[in-house]
Amino acid sequence: MSFSVVPAGRRTGAGGAYVHASGDGPPHRSYAHERVPDDALYEEQDTAMMIAMPGQAVASSTLYMRGHGSYIDAARSEIVSLLSGSVDRVNKLISVRPVRTRYRPEVGDLVVGRITEVQSRRWKVDIGAKTDASLLLSSINLPGGVQRKKLESDELQMRAFFQEGDLLVAEVQSLFQDGGVGLHTRSLRYGKLRNGVLVSVPPVLIRRHKSHFVTLAQLAGGAVDLVLGLNGLVWVAKHIPFDVAKAEGEGEGVEVGPAGRGVAMDIDGVYSDVNEPIAPGTRRAISLVCFVLTVLAHYSLPITASAIEQGCALGEQHPNFDATSADGLRLAEQIAAALQ
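As the structure is a computational prediction, the values presented were derived from the model and not from experiment.

Caption draft 1: Spatial organisation of the overall build of the protein. Scanning the protein from N- to C-terminus turns up six helices and 19 strands. The burial tally for the protein puts 43% of its 340 residues in the buried class. Long-range pairs, those at least 24 residues apart, make up 58% of the contacts in the protein between residues at least 6 apart in sequence. For the protein, the accessible area works out to roughly 18,500 Å², and carbon and sulfur atoms hold 52% of it.

Here's what the structure looks like:
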């Protein structure tokens, strides 16, 4: 086997987009003496397109106030950026929003989280924010859809509903002044997750949809359900049909998935831990969707339902590809080029 030395900055082979040689890239550049022009901060300018580097002056401290992600350099009387990100201006307040950061929850967001602790009348849920969210016992549905006040007997069997390590989908119900987050699962859309795989992507890439429950029914291996969490966690699972009449209590039963009739889960399976058998074709379809999500995250492309569908359509043209081989890398570049 022969080896060759590749100079820094030069890439060969299909893995060039994924492998970076040591020392590759431009030399170190200091932004300490560079300044964002004052006319770029006028109201008619789009400050979201302004990118500041660490140590770069973004505004005069005599004209503007310092916000998050910046500090005041008293010697130069300037507001200096602490991190790499976009410059935001609200009236006279200047702040720098980082390119990548932890998830910042908002009321109404759909999130996928993991139970980290069971406390008195509440669960602690890791949603990727600065602090763990809280899911109160009074904020869940009881098995069977019973509507009543939660009793002490319900508190004693809290681990029968959720226990440490369980994955669930919930909605942000409230935000507190200390940074805490309150969740709720009072809907048949929400509950424990099973029969699938969890994919983690940067939260900034997840775009808001009318419904974050997506069903990919056109895949050759079988339909796949997705839960696009705004906190950067995407659940990819086997499509589970169920009786809508049983869940909604009206009409004739129709088998649909998370995107149909506003219902996502079987009312009897909200707290079930048992995974159902998954056919090999469905497993390949789930793997393909996970591969497309990984490609979108690697190339920092927006993650939308249409982008995932287009990526899966391209992936199905190569049914026997290996994601770690040269064919997989070429397919990843092809998907990224088609979606850019």
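Caption draft 2: Representation of the pattern of salt bridges. In total, this model carries eleven salt bridges according to the counting rule given. For arginine 76, the salt bridge is made with glutamate 78, and the minimal N-O distance between the two is 3.6 Å. We classify arginine 76 as partly exposed; its relative accessible area is 33%. Between arginine 330 and aspartate 327 there is a salt bridge whose closest N-O contact spans 2.3 Å. You can see arginine 330 and its partner aspartate 327 sitting in helix α6 (residues 326-339), three residues apart, about one turn around the helix. Given a relative accessible area of 44%, arginine 330 falls into the partly exposed group. Linked through salt bridges whose partners overlap, the residues forming this network are Asp73, Arg76 and Glu78.

Caption draft 3: Spatial organisation of the packing of aromatic side chains. The tally for this structure, following the rule as stated, stands at four aromatic pairs. For the pair tryptophan 123 and phenylalanine 162, a centre-to-centre distance of 5.5 Å together with 90° between the ring planes defines the contact as edge-to-face. Residue tryptophan 123 is located in strand β9 (residues 122-126), and its partner phenylalanine 162 is located in the loop between α2 (158-161) and β11 (167-175); the two are separated by 39 residues in the primary sequence. Owing to a relative accessible area of 0%, phenylalanine 162 belongs among the buried residues under this scheme. Ring geometry for phenylalanine 162 against tyrosine 271: centres 5.3 Å apart, planes inclined by 75°, an arrangement best described as edge-to-face.

Caption draft 4: Here's a closer look at a nonpolar patch on the surface. A contiguous nonpolar patch, built from Met65, Val90 and Leu93 and spanning about 280 Å² of accessible area, is present on the exposed surface. Tracing the sequence through the fold places methionine 65 in strand β3 (residues 65-66). Residue methionine 65 is classed as exposed on the basis of its relative accessible area of 51%.

Caption draft 5: The side chain of arginine 194, seen in detail. Looking at the element boundaries, arginine 194 is found in the loop between β13 (191-192) and β14 (196-200). Buried and unpaired, arginine 194 has glutamate 276 as its nearest opposite-charge partner, separated by 4.0 Å. Reaching out from arginine 194, the side chain makes a polar contact with the backbone oxygen of valine 274 at a distance of 2.7 Å.

Caption draft 6: Broad picture of the sheet that holds strand β5 (residues 78-81). In space, the three strands of this open sheet follow the order β2-β5-β4, with antiparallel pairing throughout. Looking at which strands have only one partner, the edges of the open sheet turn out to be β2 (57-60) and β4 (70-73). If you compare each strand with its neighbour and ignore which way they point, the axes differ by 30° on average. Pairing analysis gives three bridges linking β2 to β5, with the strands arranged antiparallel. Within β5, the residue paired with serine 60 across the bridge is glutamate 78.

Caption draft 7: Structural context of helix α4 (residues 280-298). In this model α4 runs 27 Å from its N-terminal to its C-terminal C-alpha over 19 residues, within 8% of the 27 Å that 1.5 Å per residue would give. Downstream of α4 by a residue or two, serine 300 has a phi angle that is positive, lying close to 55°.

Caption draft 8: Unusual backbone geometry, seen in detail. Non-glycine residue asparagine 91 carries a positive phi angle of around 55°. Residue placement: asparagine 91 occurs in the loop between β6 (85-90) and β7 (93-98). For asparagine 91, a relative accessible area of 60% puts it in the exposed group.

Caption draft 9: Quick look at the sheet that holds strand β15 (residues 213-216). The antiparallel open sheet is built from four strands, whose spatial order is β14-β17-β16-β15. Two strands in the sheet have a free side with no partner beyond their single neighbour: β14 and β15. In this sheet, adjacent strand axes meet at a mean angle of 20° when their direction is disregarded. In the sheet, strand β16 (residues 224-228) pairs with strand β17 (residues 233-238) via five bridges, with the strands oriented antiparallel. Across the sheet, aspartate 225 pairs through a bridge with alanine 237, a residue of β17. This element, α4, spans β14, β15, β16 and β17 of the sheet and lies at about 165° to β17.

Caption draft 10: Main features of the nonpolar core. Formed by 59 residues in total, the largest nonpolar core has its most connected members in Trp123, Leu183, Leu226, Val236, Val289 and Ile308. At eleven residues, the largest contribution of residues to this core is made by α4. Residues contacting leucine 226, with those up to four places away along its chain left out, are His212, Phe213, Val214, Leu216, Val234, Trp235, Val236, Val289 and Ile308. Membership of the second largest hydrophobic core comes to eleven residues, among which are Leu110, Val169, Tyr190 and Trp235.

Conventions used here
- Sequence order as written defines the numbering, with residues in each chain counted from 1.
- Local features are withheld for residues below a pLDDT of 70 in this predicted model, meaning they are given only at 70 or higher, and side-chain atom pairs are given and counted only at 80 or more; totals for whole chains, interfaces and linings count all residues.
- Side-chain figures throughout are based on the complete set of non-hydrogen atoms in the structure, without hydrogens or water.
- Secondary structure is summarised from DSSP: a helix means a run of H or I of at least four residues, a strand means a run of E of at least two, and numbering begins at the N terminus for each.
- Think of it in three bands: with a 1.4 Å probe and only protein chains considered, a residue is buried below 20% of the maximum accessible area for its type, exposed above 50%, and partly exposed in between.
- Should any heavy atoms of two residues lie within 4.5 Å, those residues are considered in contact.
- With residues, only the protein chains shown are counted as cover, and all accessible areas are computed by Shrake-Rupley using a 1.4 Å probe.
- Counted as salt bridges are all cases of a side-chain nitrogen of Lys or Arg within 4 Å of a carboxyl oxygen of Asp or Glu.
- In this analysis, rings of Phe, Tyr and Trp, with Trp reduced to its six-membered ring, are considered paired at centre separations within 6.5 Å, and the interplanar angle assigns stacked below 30 degrees, edge-to-face beyond 60, and tilted for intermediate values.
- Patch definition: residues above 30% relative accessible area lacking any salt bridge, with like charges linked at up to 9 Å and the nonpolar side chains Val, Leu, Ile, Met, Phe, Trp and Tyr linked at up to 5 Å.
- In this tally, Lys and Arg are treated as positive and Asp and Glu as negative; His is ignored, and so are the chain termini.
- Between N or O atoms, a polar contact is any pair within 3.5 Å; within protein, one atom must be a potential hydrogen donor and the other a potential acceptor, and residues adjacent in sequence are included only when both atoms are from side chains.
- At least two DSSP bridges between two strands are required for those strands to pair.
- An axis is simply a line fitted to the C-alpha atoms; with a helix, the fit covers only the stretch in contact. Between two such axes, the angle follows the N-to-C directions and lies from 0 to 180 degrees.
- The span one expects for a helix is its residue count, reduced by one, times 1.5 Å.
- Only buried residues count toward a nonpolar core, which is a set of Ala, Val, Leu, Ile, Met, Phe, Trp, Tyr and Cys residues joined through side-chain atoms within 4.5 Å.

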